[in-house]
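Here are the chains, one letter per residue:
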Amino acid sequence: LAKTTQPISMDSYEGQEVNITCSHNNIATNDYITWYQQFPSQGPRFIIQGYKTKVTNEVASLFIPADRKSSTLSLPRVSLSDTAVYYCLVGDGGGYNKLIFGAGTRLAVHP
Amino acid sequence: NAGVTQTPKFRVLKTGQSMTLLCAQDMNHEYMYWYRQDPGMGLRLIHYSVGEGTTAKGEVPDGYNVSRLKKQNFLLGLESAAPSQTSVYFCASSWGAASYNEQFFGPGTRLTVL
């Protein structure tokens, strides 16, 4: 079963760049790496997904090294509204229908 | 489009009572999922479905049953509620397999079992 490890919490200030690193040593060859964001009292929301190298969208960037044993979610110039829990996910190793959610990283952005 | 909706939003049950949570999606997605989230924890998969008429077990299926009689609906049943089932329940749907496709989540149902 693929497993991810992320920091439990992080603090930042408005306007800073935030990098959240996730470790997934047992990632399977066909697994993609997916990040979700969750605000209090809401369901998670998809942020970004990638397989290797770098992926960028209007919200974030995802950096994946060649060995794919880790990945880094980068949030440029965070604001107070980026305060949320961020989950790094890979497949369950036994198929591609399921994702395993860990405890996530609680990001607090301060004024 | 309403996306993914869940009914009810809140519910309080007594131990031993039964109830059904309804999830509906209007995006014509094949895959649907039920998760539970406990305080300070991530989401744990209860059951999922890869298409109409199919269901499969997730990480924590005990005490729950599901049905997917229509493509747009995924029902989660608790036959005999227990305090350990007090949680927030989220439904999600995706066009294809979760590993490769964005999951869209509902707003959640907060269930308390006394």
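Relevant structure appears above.
Just so we're clear, the structure is a prediction, and the values are computed from it rather than from any experiment.

### Re the interface of chain B and chain A
Right, so step 1: Contacts between the two partners involve 24 residues from chain B, matched on the other side by 22 residues from chain A.
Right, so step 2: Carbon and sulfur atoms make up 52% of the surface buried where chain B meets chain A, a total of about 1,800 Å² over both sides.
Right, so step 3: On the chain B side of the contact with chain A, Leu43(B), Ser99(B) and Tyr100(B) bury the most area, a combined 32% of that side's loss.
Right, so step 4: Across the chain B-chain A interface, the total number found is 3 residue pairs in polar contact (both at pLDDT 80 or more).
Right, so step 5: Top element by residues in the side of chain B that touches chain A is strand β4 (residues 31-37) of chain B. It accounts for 4 residues.
Right, so step 6: By residue class, the composition of the side of chain B that touches chain A is 14 nonpolar, 7 polar and 3 charged.

### Details of the pattern of salt bridges
All names here are of chain B.
Right, so step 1: For the structure shown, the criterion picks out 3 salt bridges over all chains.
Right, so step 2: Residue Lys71 is joined to Glu30 by a salt bridge in which the shortest nitrogen-to-oxygen separation is 2.9 Å. In this pair, Lys71 is assigned in the loop between β7 (64-67) and β8 (73-78) and Glu30 in the loop between β3 (19-25) and β4, connecting sequence segments 41 residues apart.
Right, so step 3: With a relative accessible area of 30%, Glu30 lands in the partly exposed category.
Right, so step 4: Among the salt bridges present, the one from Asp38 reaches Arg36, with a minimum N-O distance of 3.0 Å.
Right, so step 5: A network of salt bridges, in which partner residues are shared, links Arg36, Asp38 and Arg44.

### Here's the deal with the packing of aromatic side chains
Right, so step 1: Overall, the coordinates contain 12 aromatic pairs over all chains when judged by the stated rule.
Right, so step 2: On the basis of an interplanar angle of 25° and a centroid distance of 6.2 Å, the ring pair of Tyr33(B) and Tyr35(B) is categorised as stacked.
Right, so step 3: Relative to Phe105(B), the ring of Tyr35(B) has its centre 5.6 Å away and its plane inclined at 40°; by these criteria the two rings are tilted. Separated by 70 residues along the polypeptide, Tyr35(B) in strand β4 and Phe105(B) in strand β10 (residues 104-105) bring together distant segments of the chain. An identical accessibility class is assigned to Tyr35(B) and Phe105(B); each is buried.
Right, so step 4: Among the aromatic residues, ring-to-ring pairing joins Tyr36(A), Phe46(A), Tyr87(A), Phe101(A), Tyr33(B), Tyr35(B), Tyr48(B) and Phe105(B) into one connected group.
Right, so step 5: Lying over the aromatic face of Tyr51(A), Arg68(A) brings its terminal NZ or CZ to 3.9 Å of the ring centre.

### Quick notes on the sheet that holds strand β6 (residues 61-64) of chain A
All names here are of chain A.
Right, so step 1: Taken together, the 4 strands give an open sheet; going across it, the order is β2-β7-β6-β5, and neighbouring strands pair in antiparallel fashion. Two strands close off the open sheet at either side, each with one partner strand: β2 (18-23) and β5 (53-56). Put simply, the sheet's adjacent strands are angled 15° from each other on average, direction ignored.
Right, so step 2: Sheet topology note: the β6/strand β7 (residues 70-75) ladder contains 3 bridges and is antiparallel. Residue pairing in the sheet places Leu62 in a bridge with Leu73 of β7.

### Comments concerning the pairing of β3(B)
All names here are of chain B.
Right, so step 1: Alternating residues of β3 divide into Met19, Leu21, Cys23 and Gln25, all buried, and Thr20, Leu22 and Ala24, none buried.
Right, so step 2: Pairing of strand β1 (residues 4-7) with β3 involves 4 bridges; the strand directions are antiparallel. Within β3, the position partnered with Thr5 by the bridge is Ala24.
Right, so step 3: Inspection of the sheet shows β3 paired to β8 by 6 bridges, in the antiparallel sense. Looking at β8, one finds that Ala24 is bridged to Asn73.

Thresholds, definitions, all that
- Residues numbered from 1 in each chain as written.
- Chains lettered and ligands numbered in written order.
- Predicted model: local features only at pLDDT ≥ 70, side-chain atom pairs only at ≥ 80, totals over all residues.
- Heavy atoms only, no water.
- Contact = heavy atoms within 4.5 Å.
- Buried area = accessible area lost by both parts, 1.4 Å probe.
- Polar contact = N/O pair within 3.5 Å; in protein donor to acceptor, adjacent residues only side chain to side chain.
- Helix = DSSP H or I, 4+ residues; strand = E, 2+ residues; numbered from the N terminus.
- Nonpolar A, V, L, I, M, F, W, Y, C, P; charged D, E, K, R; others polar.
- Salt bridge = Lys/Arg side-chain N within 4 Å of Asp/Glu carboxyl O.
- Buried < 20%, exposed > 50% of the residue type's maximum accessible area, 1.4 Å probe, protein only.
- Phe/Tyr/Trp six-rings, centres within 6.5 Å; stacked < 30°, edge-to-face > 60°.
- Lys NZ or Arg CZ within 6 Å of the ring centre and 35° of its normal.
- Pairing = 2+ DSSP bridges.
- Axes fitted to C-alpha atoms, helices over the stretch in contact; angles between N-to-C directions.

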